[in-house]
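Given next are the chains, with one letter for each unit.
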Number of protein chains: 4
Amino acid sequence: MKTKRQIQKEATRKLILDAAYQVYANEGFSATTNQIAKAANVSHGTIFVHFPTVDNLIICLLERFGSEINEHLHLLSEKDESLETFLAAHINVLICYEDFYKRLISEINSLPQEAKYVFINIQSVVSLHLNQVIERDKEQKVIKEIPMHIIFNSWLGLIHYYLTNNYLFAAGSVLTDHKDELILNYIKLIRK
Amino acid sequence: MKTKRQIQKEATRKLILDAAYQVYANEGFSATTNQIAKAANVSHGTIFVHFPTVDNLIICLLERFGSEINEHLHLLSEKDESLETFLAAHINVLICYEDFYKRLISEINSLPQEAKYVFINIQSVVSLHLNQVIERDKEQKVIKEIPMHIIFNSWLGLIHYYLTNNYLFAAGSVLTDHKDELILNYIKLIRK
Amino acid sequence: MKTKRQIQKEATRKLILDAAYQVYANEGFSATTNQIAKAANVSHGTIFVHFPTVDNLIICLLERFGSEINEHLHLLSEKDESLETFLAAHINVLICYEDFYKRLISEINSLPQEAKYVFINIQSVVSLHLNQVIERDKEQKVIKEIPMHIIFNSWLGLIHYYLTNNYLFAAGSVLTDHKDELILNYIKLIRK
Amino acid sequence: MKTKRQIQKEATRKLILDAAYQVYANEGFSATTNQIAKAANVSHGTIFVHFPTVDNLIICLLERFGSEINEHLHLLSEKDESLETFLAAHINVLICYEDFYKRLISEINSLPQEAKYVFINIQSVVSLHLNQVIERDKEQKVIKEIPMHIIFNSWLGLIHYYLTNNYLFAAGSVLTDHKDELILNYIKLIRK
DNA sequence: AATGAATGAGCGTTCATTCAT
DNA sequence: TATGAATGAACGCTCATTCAT
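Residue indices begin from 1 for each chain and proceed along its sequence in written order. Chains carry letters from A onward and ligands carry numbers from 1 onward, assigned in written order. Whole-chain, interface and lining totals are the exception, using all residues; otherwise, since this is a predicted model, local features are given only for residues with pLDDT of at least 70 and side-chain atom pairs are given and counted only at 80 or more. Only hydrogens and water are set aside when side-chain values are computed; all heavy atoms of the structure are taken into account.

Draft legend 1. View of the relation of the copies chain C and chain D. Mapping chain C onto chain D leaves a residual RMSD of 0.7 Å; the transformation is a rotation of 176° accompanied by 0.0 Å of translation along its axis. Considering both components of the superposition, the chain copies are consistent with a two-fold axis. Among all residues of chain C, the minimum C-alpha distance to the rotation axis is found for Gly157 of chain C, at 2.0 Å. Interface overlap between copies: 95% of the residues of chain C at the interface are likewise at the interface in chain D, consistent with a symmetric, same-surface contact. Least-squares superposition of the copies uses the C-alpha atoms of those residues scoring a pLDDT of at least 70 in each of them. Working rule for contacts: check all heavy atoms of both residues, and any pair within 4.5 Å makes them a contact.

Here's what the structure looks like:
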């Protein structure tokens, strides 16, 4: 049983995390705690009641983000879908988080060490699912003899490249614009 | 004929650029002018004698970096080398600048607009050469029917992915460690 | 009802404005925010919690100063006093703010544009009252046929001259020392 | 006999003083030594060969300015001119130096102590001549019974007031625009 | 639990002055 | 004599963090 206070506290905590997500997505991780407080409609000090430091806020935010995105990704694995369907589903999930994800892959190296674990975790979930799908295709001998991690890293490399260099390829969402092209050609690459 | 003064001035300028290169490579582009001054062993004010603003310092540094790396790359095009040789040469060049290049591809979006042009320029030089090498192979029908820009972006995507996620793959230089594997498998991907 | 917090905040704001008033009066408007912070016994950053920029601090200070001085001057108009009484009252008001006023009339041209409006406003209040008093005397044909603005500017010119050149005329307050002489002779000048 | 070197040195010194005069007239005394060096077409360091500190430069500049303006004023006294002619001549002299003089009377209190002596000297020369002219008129009983220093300070007060508040009265030269009005009305004031 | 005023170290930048050339 | 690169203290301002309310 949660007391009224605990419920209130968790609500505020969520408010801050939601705001931080939006602010970081829009401004990058150099956004200030003041901006986040304003976006969350709480006082500046409240942030530090819930999170002892900004780094801690970022870590908690990324943990939540990791869980959320992984939950989305898990739903993919249940069905017995084709490679094409899986890749499309993966991109569709990323589109939901596109702005934030873009910031994340760009600025990951300047974020606290623990943030990286979240990032690794997300990638390993995708890897796991991709593995399953590919293995099936491999049995049918349609996939080249290339190590799984290269197959996986090529895919992530390709879409991360398009995301980080968004400005070269699209005015709005690069994933929305180039989704089909990316999937089609990536499959061509890994197929015999 | 340069006067002793001019030589001295250029030496200091080089000192600052070299220091900035090292500091940015180690700390990322959020490093401060104070850190750079200390690394260059000059007073803080001296930086602003040579560069009116930090942004200008960054742009000059990137221009120098761009020229340097392009010079390296141009040497490649003169010879009639194989795809494998070219990719190895490309990686070898990047190894020389690995830490700095890693920061650059990560943080390019937070750098001044002019910095992006330098980055685009570097990439287009690589693209140009890769194009030549691939076209030759394409005539021999060994390359898949995939648009050139996808071929190019897959390569950059792959090595940028390994660079930005260095910590996943290697303790030291990820390019040194995975060079052969990357080249070998990338070629497998684009070949029929 | 004000909360304790609001009271405290206003107190600090007043502390800063009071300190700024004193520091500017003593050192001129080239005094630094550090000096003001020290004089106010608050940390340097606190100044910028209350005033986004120095210019804003100066403008707020001048607005307060303008209100205060105008309030003093308004009290004069209610009575049906003689020219002599009015001029004496004007000088008496200025004596209260002498050091600050001296800096203001000296450095007005290097202050932000909005500061000038405050200054103009103060002068126009004086002008208004002087006008009323003079008009009465003019009806009695004791004042020369001279345009009102010249009458007004002669008065301000005279006392501003004594203020800016204080060091020529007095060790302490030039207005206190020369008040009677200035009034007496100014009246002689404008009377027939 | 001056050596070639001495002649050259004096020429450079003059170059710097001329430039400083122009720069201070245009920008006020907060202009930097760099601006002056550029305007004088000499190197920054050269300024400090001729003047140990900026304050010393300002003092020397004001001494030269004082001599120059006093020389102009001295020419006035030789003739046996009327009060009106004298005041017109005074204003005409000031018009030659208007921008610089305006800065001087505005910023005199933030200039080094010695600068004030120059200013006092200029004023006493004007005072001397005005005295002579007025005394003549006084003998003819056309001037009011007012102490000479008040008569003098009213005049300076009036024109200084117009100069410091130039922006209230004119877009260009306030002395050129209001010269006749000022003289005419000032004479009205001091005449019986 | 939430507030928000206060803190102070640190930022990029300016500028009078120095001194080797 | 003239130069101009180098200096470093000081500037206005930012911001994560603290703590009395």
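Draft legend 2. Quick peek at the side chain of Thr12 of chain D. One can find Thr12 of chain D in helix H1 (residues 4-27). For Thr12 of chain D, the residues in contact, after removing those within four places along its chain, are Val42, Thr46 and His50 of chain D. A run of H or I in DSSP becomes a helix once it reaches four residues, and a run of E becomes a strand once it reaches two; helices and strands are each numbered from the N terminus.

Draft legend 3. Main features of the UniProt feature "domain: HTH tetR-type" (unreviewed entry) in chain A. UniProt positions are given in the numbering used here, feature names are shortened, and annotations may be inferred rather than shown by experiment. Under the feature "domain: HTH tetR-type" (unreviewed entry), the UniProt entry names residues 10-69 of chain A. End C-alpha to end C-alpha, residues 10-69 of chain A measures 21 Å, and it is 82% helix and 0% strand.

Draft legend 4. Seen up close, the packing of aromatic side chains. Any two of the Phe, Tyr and Trp rings considered here, Trp counted by its six-membered ring, make a pair once their centres fall within 6.5 Å; the pair's planes then place it as stacked at under 30 degrees, edge-to-face at over 60, or tilted in between. Taken as a whole and judged by the stated rule, the model has 38 aromatic pairs over all chains. Judged by centre distance (4.9 Å) and plane angle (50°), the rings of Trp155 of chain D and Tyr186 of chain D are tilted. On the criterion of sequence distance, the pair formed by Trp155 of chain D in helix H8 (residues 148-164) and Tyr186 of chain D in helix H10 (residues 174-190) is long-range, its members being 31 residues apart. Residues Trp155 of chain D and Tyr186 of chain D agree in their burial class; the two are buried. Seen from the ring of Tyr167 of chain C, Lys116 of chain D lies directly overhead, with NZ or CZ sitting 4.7 Å from the centre. A simple rule labels every residue: compare its accessible area, found with a 1.4 Å probe on the protein chains alone, to the largest value its type can have, and call it buried under 20%, exposed over 50%, or partly exposed in between. By definition here, charges over rings are those cases where NZ of Lys or CZ of Arg is within 6 Å of the ring centre and within 35 degrees of the ring normal.

Draft legend 5. Spatial organisation of the arrangement of the chains. Over all C-alpha pairs, chain A and chain C never come within contact, reaching a minimum spacing of 13 Å. At the level of C-alpha atoms, the two units chain A and chain D stay apart, their nearest approach being 36 Å.

Draft legend 6. Quick peek at the interface of chain C and chain D. Listed per partner, the contact involves 37 residues of chain C and 35 residues of chain D. Reported buried area values correspond to the accessible surface (1.4 Å probe) lost by two parts on association, with both partners' losses combined. Summed over both partners, the interface of chain C with chain D buries about 2,900 Å², with 56% contributed by carbon and sulfur atoms. Of all residues in chain C, Tyr161, Tyr167 and Leu189 of chain C bury the most surface against chain D, accounting for 22% of the area lost on that side. Salt bridge, as used here: a side-chain nitrogen of Lys or Arg that lies within 4 Å of a carboxyl oxygen of Asp or Glu. The interface formed by chain C and chain D holds 0 salt bridges in total. Between N or O atoms, a polar contact is any pair within 3.5 Å; within protein, one atom must be a potential hydrogen donor and the other a potential acceptor, and residues adjacent in sequence are included only when both atoms are from side chains. Where chain C touches chain D, the interface holds 17 residue pairs in polar contact (both at pLDDT 80 or more). Of all the elements in the fold, those that place two or more residues in the side of chain C that touches chain D are helix H6 (98-107), helix H7 (113-139), helix H8 (148-164), helix H9 (166-169) and helix H10 (174-190) of chain C. Of all the elements, H8 of chain C adds the most residues to the side of chain C that touches chain D, at 12 residues. In this count, Pro and Cys sit with the nonpolar residues alongside Ala, Val, Leu, Ile, Met, Phe, Trp and Tyr, while Asp, Glu, Lys and Arg are called charged and the others, Gly among them, polar. Along the lines of polarity and charge, the residues of the side of chain C that touches chain D split into 18 nonpolar, 11 polar and 8 charged.

Draft legend 7. Highlighting the protein's contact with DNA strand E. The environment of DNA strand E is made up of 35 residues, and the closest members are Thr46 of chain A together with Arg5, Thr12, Thr46 and His50 of chain C. Val54 of chain D has a polar backbone atom sitting 2.8 Å from a phosphate oxygen of DNA strand E. Any residue with at least one heavy atom within 4 Å of a molecule or strand is counted as near it.

Draft legend 8. Geometry of the interface of chain B and chain A. Contacts between the two partners involve 36 residues from chain B and, on the opposite side, 35 residues from chain A. Of the roughly 2,900 Å² buried at the junction of chain B and chain A (both faces included), carbon and sulfur atoms supply 56%. Three residues stand out in chain B for area buried against chain A, namely Tyr161, Tyr167 and Leu189 of chain B, and they jointly supply 22% of the buried area on that side. The tally of links from chain B across to chain A stands at 17 residue pairs in polar contact (both at pLDDT 80 or more). Counting residues per element, the ones that place at least two in the side of chain B that touches chain A are helix H6 (98-107), helix H7 (113-139), helix H8 (148-164), helix H9 (166-169) and helix H10 (174-190) of chain B. At 12 residues, H8 of chain B tops the list of elements feeding residues into the side of chain B that touches chain A. Broken down by class, the residue content of the side of chain B that touches chain A amounts to 18 nonpolar, 11 polar and 7 charged.

Draft legend 9. Local environment of the UniProt feature "DNA-binding region" (unreviewed entry) in chain A. Mapped onto this numbering, the UniProt entry gives "DNA-binding region" (unreviewed entry) at residues 32-51 of chain A. Structurally, residues 32-51 of chain A comprises 75% helix and 0% strand, and the distance from its first C-alpha atom to its last is 14 Å.

Draft legend 10. Quick look at the protein's contact with DNA strand F. Residues in close proximity to DNA strand F total 34 residues, the closest being Arg5, Thr12, Thr46 and His50 of chain B together with Thr46 of chain D. Within 4 Å of the protein, the contacting atoms of DNA strand F are 65% sugar and phosphate, with bases supplying the remainder. Between a base nitrogen of DNA strand F and a main-chain N or O atom of Gly45 of chain D, the distance comes to 2.9 Å. At 2.2 Å from a phosphate oxygen of DNA strand F is found a side-chain nitrogen or oxygen belonging to Thr46 of chain D. Put simply, the parts of the chain that give the surface near DNA strand F at least two residues each are helix H3 (44-50) of chain A, helix H1 (4-27) and helix H3 (44-50) of chain B, helix H1 (4-27) and helix H3 (44-50) of chain C together with H1 and helix H3 (44-50) of chain D. A breakdown of the residues in the surface near DNA strand F according to their chemical character gives 8 nonpolar, 20 polar and 6 charged.

Draft legend 11. Looking closely at the relation of the copies chain B and chain A. The transformation that overlays chain B on chain A combines an axial shift of 0.0 Å with a rotation of 176°, and the residual RMSD is 0.7 Å. A shared interface surface links the copies, since 97% of the contact residues of chain B are contact residues in chain A too.

Draft legend 12. How the structure looks around H1 of chain C. In a regular helix each residue adds 1.5 Å, so 24 residues correspond to 34 Å; H1 of chain C covers 34 Å between its end C-alpha atoms and thus fits that length. By the burial criterion, the buried members of H1 of chain C are Thr12, Ile16, Leu17, Ala19, Ala20, Tyr21, Val23, Tyr24 and Ala25 of chain C. Helices are assigned an expected span. That span is 1.5 Å times one less than the residue count.

Draft legend 13. Looking closely at the packing of helix H8 (residues 148-164) of chain A against helix H10 (residues 174-190) of chain A. All names here are of chain A. Here an axis means a line fitted to C-alpha atoms, over the contact stretch when the element is a helix, while the angle between two N-to-C directions is reported on a 0 to 180 degree scale. For the pair H8 and H10, interaxial distance at closest approach is 11 Å and the crossing angle is 155°. Between H8 and H10, the angle falls in the class roughly antiparallel. Our pair here, H8 against H10, has a crossing hand that is right-handed. Facing Ile151, Phe152, Ser154, Trp155, Leu158, Ile159, Tyr162 and Leu163 of H8, the residues of H10 in contact are Val174, Leu175, His178, Leu182, Ile183, Tyr186 and Ile190. Residue composition of the contact of H8 with H10, grouped by class: 13 nonpolar, 2 polar and no charged. An angle below 35 degrees is treated as roughly parallel, one above 145 as roughly antiparallel, one from 65 to 115 as roughly perpendicular, and anything else as oblique. Left-handed describes a crossing in which the near helix is turned anticlockwise from the far one by less than a right angle; the clockwise case is right-handed.

Draft legend 14. Here's a closer look at the environment of Glu98 of chain A. The residue Glu98 of chain A is located in helix H6 (residues 98-107) in this model. Put simply, Glu98 of chain A and Lys188 of chain A are 90 residues apart on the chain and 25 Å apart in space, counted from C-alpha to C-alpha.

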